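# Understanding the architecture of this molecule
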Amino acid sequence: MLWAATPQPAYSTTPAASSSAAMASAAAEALSRRLGAAVRGLSGAWYGRHMASAESAIRTRLALVDLVLEVRDARIPASSAFEPLCRPTLEPDGRRVIVLNKADLADPSETKKWIAYMKQRSCSCIAINSHNMESIKELLNIVRSRMREIKHGQSNCTGTVLLVGIPNVGKSAIVNVMHQIGRIAAEKGKLKHAIVSGHPGETRDISGYKVASHPNMYVLDTPGVLSSRFTNDDFVSRLALTGAIKDSLLQEYDIAQFLLALVNSHDEYKKWENLNQVGANVSFSITSTSRSQNKKRQYVSDHTQDFVVKSVRQILFDSVSSFKGGPGKEDAFSSLIDCQMVSLQEAFKVSTESSEDMRKSVALKLLNLYRTGRLGHYTLDHVPDDWQEVAA
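Thresholds, definitions, all that
Residues numbered from 1 in each chain as written. Predicted model: local features only at pLDDT ≥ 70, side-chain atom pairs only at ≥ 80, totals over all residues. Heavy atoms only, no water. UniProt positions renumbered as here; feature names shortened; annotations may be inferred. Helix = DSSP H or I, 4+ residues; strand = E, 2+ residues; numbered from the N terminus. Expected span 1.5 Å × (residues − 1). Buried < 20%, exposed > 50% of the residue type's maximum accessible area, 1.4 Å probe, protein only. Phe/Tyr/Trp six-rings, centres within 6.5 Å; stacked < 30°, edge-to-face > 60°. 1 Å grid on protein atoms, 1.4 Å probe; cavity = no way out; pocket = protein on both sides within 12 Å on 5 of 7 lines; lining within 4 Å. Points joined across faces, edges and corners; volume = space filled by probe spheres on them. Nonpolar A, V, L, I, M, F, W, Y, C, P; charged D, E, K, R; others polar. Salt bridge = Lys/Arg side-chain N within 4 Å of Asp/Glu carboxyl O. Polar contact = N/O pair within 3.5 Å; in protein donor to acceptor, adjacent residues only side chain to side chain.

Per an unreviewed UniProt entry, the recorded name for the protein is G domain-containing protein, and the organism is Eleusine coracana subsp. coracana. Comment text from UniProt for the protein, heading Subcellular location (unreviewed entry), reads "Mitochondrion".

### Thoughts on helix H8 (residues 306-321)
With 16 residues, H8 extends 22 Å between its outermost C-alpha atoms, agreeing within 8% with the 22 Å of an ideal straight helix rising 1.5 Å per residue. Of all the residues in H8, the buried ones are Asp 306, Val 308, Val 309, Val 312, Arg 313, Gln 314, Ile 315, Leu 316, Phe 317, Ser 319 and Val 320.

### Observations regarding the packing of aromatic side chains
Counted according to the given criterion, the structure contains 5 aromatic pairs. With 5.5 Å between their ring centres and 85 degrees between their planes, Trp 114 and Tyr 117 make a pair best called edge-to-face. With a gap of 3 residues between them, Trp 114 and Tyr 117 both fall in helix H3 (residues 108-120), about one helical turn apart. The same class applies to Trp 114 and to Tyr 117, which are both buried. Measuring from ring centre to ring centre gives 6.1 Å for Tyr 370 and Tyr 378, while their planes differ by 50 degrees; the resulting arrangement is tilted. The exposure class of Tyr 370 is buried, given its relative accessible area of 2%.

### Regarding empty space enclosed by the protein
Within this structure, the stated rule accounts for 1 cavity of 30 Å³ or more. Its boundaries defined by the atoms lining it, the largest cavity holds a volume of some 30 Å³. A class-by-class count of the residues in the lining of the largest cavity yields 5 nonpolar, 3 polar and 1 charged.

### Focus: the pattern of salt bridges
The final tally for this structure, using the stated rule, is 15 salt bridges. Between Glu 70 and Arg 72 there is a salt bridge; the shortest N-O distance is 2.9 Å. Since its relative accessible area comes to 0%, Arg 72 is described here as buried. The closest approach of N and O atoms between Glu 149 and Arg 146, which form a salt bridge, is 3.9 Å. Of this pair, Glu 149 and Arg 146 both sit in helix H4 (residues 133-150), 3 residues apart, which is roughly one turn of that helix.

### Details of helix H6 (residues 233-242)
A large share of H6 lies buried, amounting to 9 of its 10 residues. Among the residues of H6, the N-terminal cap falls to Asn 232, whose side-chain oxygen and the backbone nitrogen of Asp 234 are separated by 2.9 Å. At the exit of H6 stands Gly 243, carrying a positive phi of roughly 95 degrees.

### Observations concerning the environment of Leu 64
Within the secondary structure, Leu 64 sits in the loop between helix H2 (49-62) and strand S2 (67-73). In the structure, Leu 64 is positioned 96 residues away from Thr 160 in sequence and 8.4 Å away in space, judged by C-alpha atoms.

### Regarding the environment of Ser 227
Position of Ser 227 among the secondary structure elements: in the loop between strand S7 (216-221) and H6. Here Ser 227 falls in the buried class, since its relative accessible area comes to 12%. Put simply, Ser 227 and Ala 52 are 175 residues apart on the chain and 9.7 Å apart in space, counted from C-alpha to C-alpha. Separated by 2.6 Å, the side chain of Ser 227 and the backbone oxygen of Arg 229 make a polar contact.

Quick look at the structure:
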């Protein structure tokens, strides 16, 4: 099935890969397995009572709503699939639209492939940035169009949309902007706000928000729900890296090591080669929720100064570029990651009072840069091979 497809690894595993890239891939795979084992060892600690209750409530409402918006993370379109919808008995029979949120943090070319892949399988799909109003307007137009089809063109009716997805994928941010747009269009009504947080599991109840008139449309925002058990280590490690699983349940340092293995095996760092040149710009263009906000930087929940980001990128570029790996030197790659973490301690200005606290602080700062897009655009899930064969 579309949503159960196993993605290809984001790091290179081709015979043509260099020895360094091959070791980076091997390190990423090993760290992925370690994270997967760590999560499985938690015995479902990530799946609390509130998730079980939320999943039950969502199952009850699936048959009652007109449309289902399944929000996924554009960086991990397969790993972030909403597991309850993978069950044949709960499949919403063509009433689903897959929303790839955080597209501004993903590789645009990979996002296009995922959209094509899903549309080939007759599933509506759109990539958005929940912090961009124009992007949400485009989503809202698709929802209106689908609702008119479902309601056979009737304007004097009420439609309901169920917003579902894993934790920390941006559902509440989406519904807030949709509600704001609907209120502006109606020029009346009190504006409600769903709780938006960078931490997973903040939404605990199902809440309704009016987002449009003619026809009237209400969106039901739901708590994020993960699978009660995981069998795929790659999925688990990517969920941990993107913040769907609480960092506090794992060792942040282990997640950061996995991130560095991916960065070291990806071509993104090569874009930082000229950072020492005068006038080199370290900023990424991330569109804000309003055109009137023309600040140089618009990074949600990140306040790291540009010169620190530049220093971090320079450290990563220099260390990877100068790394001399080869057969029989697998341990050298682990040492590279350890050296990078030590160098990043200085870049982040982290004190050395406690070794454990230092490691945690550096790891959290590094993960925050990745999760807010300041280390580049990465898509960790690639479309399955069968799509590539069909496309060819």
